[in-house]
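An overview of the molecular structure
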Amino acid sequence: MTYGESRIIRVIKARRPKVVVIGGGTGLPVILNALKDKNAEITAIVTVSDDGGSSRAIRDYINVVPPGDIRNVLASLSDLPQKQKEIFQYRFDSNDSFFSGHAIGNLIIAALNEMRGNIFDAVQELSKMMKIDGNVFPAANEPLTLNAEFTDGTIEHGETEITSKHKQIKRIWVTDAQGRNPKSVLPVLAAIMQADAVVLGPGSLFTSILPNLMIPELGEAVRQTQAEVIYICNIMTQQGETDHFTDSQHVKVINEHLGGHYIDTALVNGAKVDMSLFDPNDYDAYLEPVKNDFAGLNEQECRVITNDFINQHSGLVFHDGQKVAKEIIDLAFEAMSRKRNL
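Residues numbered from 1 in each chain as written. Predicted model: local features only at pLDDT ≥ 70, side-chain atom pairs only at ≥ 80, totals over all residues. Heavy atoms only, no water.

1. Quick notes on unusual backbone geometry
Keep in mind that most residues, glycine aside, have a negative phi and that most peptide bonds are trans. Each neighbour pair has its own omega, and for Gly201 with Pro202 the value is 0 degrees, a cis peptide bond. As for its placement among the helices and strands, Pro202 is situated in the loop between β7 (197–200) and α10 (205–213). Here Lys131, not a glycine, exhibits a phi torsion of approximately 55 degrees, which is positive. Among the structural elements, Lys131 can be located in the loop between α7 (119–129) and β3 (135–138). (Helix = DSSP H or I, 4+ residues; strand = E, 2+ residues; numbered from the N terminus.)

If you want it as structure tokens, here you go:
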């Protein structure tokens, strides 16, 4: 190694890698927590088209961006004491017709949205209050509607309605309240363009990941960025979305929606999931482990990193955040080096 090469490596490692994670759902905080431990400069771009549970009720009452995924991401990146984060995450167990099932954090986000007039400014203010190490950006500054066309030609609107049809989805798109193409906000686009790694997932393919990419400006930023675009493939298939999908089918669907081969690296699980630990009454959304299809992944022209990426306990199966985060950081440093050599 020459002196010049050694100096470049020292300079690169002196800077925190810029990692943008795009998605939603329960898998996202696992990865964000692990990346936080790796000392990355994190920006989480969060889905705003969820219409289920407490998020749906609040959205119906006051037409605010669904707060559930944003709440979980804020909690995962917060440096507040654990007791304060538990209060923020507390969900009412009550017979009250309004408070029952609502998380305190969802109500706080809705209140700040009213006070500040938009969800983006509300989340930035709450991020300061919660001592967030990084950035949490809603993918858009308004609630969006998810739309889907199924392979039989029928069309449905709304996440809950789409997944309840149990049909194969051909394509999805998102619209604003007027039925138009939604817009993103400049900090979201700038974060993607300045990133060393852009991470998609883990999360529901059609309802957590793709809705973000279907915001035209955001999708274009992912296509144009010099960052390493990484897809964390789901461990399990999901009923009503990815029934019997292989890992290559997940990647193919994203690439098709983006209009080309834009996934640079796919992180896929190669370990066996112990299905005997599952309680089908609690986890009926999970159908089966996602199968490996390396030939299909090769056709998608992406690098494939396979490992035992699972953390399974008490019937639950998640990604092993530390293992996934290590791969992301290594890939981010590679991208930093490439950009220095351009």
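Don't stop here, the text continues.
2. Quick word on the pairing of strand β10 (residues 265–269)
Counting buried residues in β10 gives five out of five residues, a clear majority hidden from the surface. In β10, alternate side chains face the same way, and those of Thr265, Leu267 and Asn269 on one face and Ala266 and Val268 on the other are all buried. Bridge count for strand β8 (residues 228–232) against β10 is three bridges, and the pairing is parallel. Opposite Ile230, over in β10, you have Thr265 as the bridge partner. Relative to strand β12 (residues 303–307), β10 runs parallel, the two being bridged by five bridges. For Leu267, the partnering residue across the bridge sits in β12 and is Ile305. (Buried < 20%, exposed > 50% of the residue type's maximum accessible area, 1.4 Å probe, protein only. Pairing = 2+ DSSP bridges.)

3. Notes on helix α14 (residues 321–341)
Taking 1.5 Å per residue, 21 residues should reach 30 Å; α14 reaches 30 Å between its end C-alpha atoms and fits that length. If you check which residues of α14 are buried, you get Gly321, Val324, Ala325, Glu327, Ile328, Ile329, Leu331, Ala332, Ala335 and Met336. (Expected span 1.5 Å × (residues − 1).)

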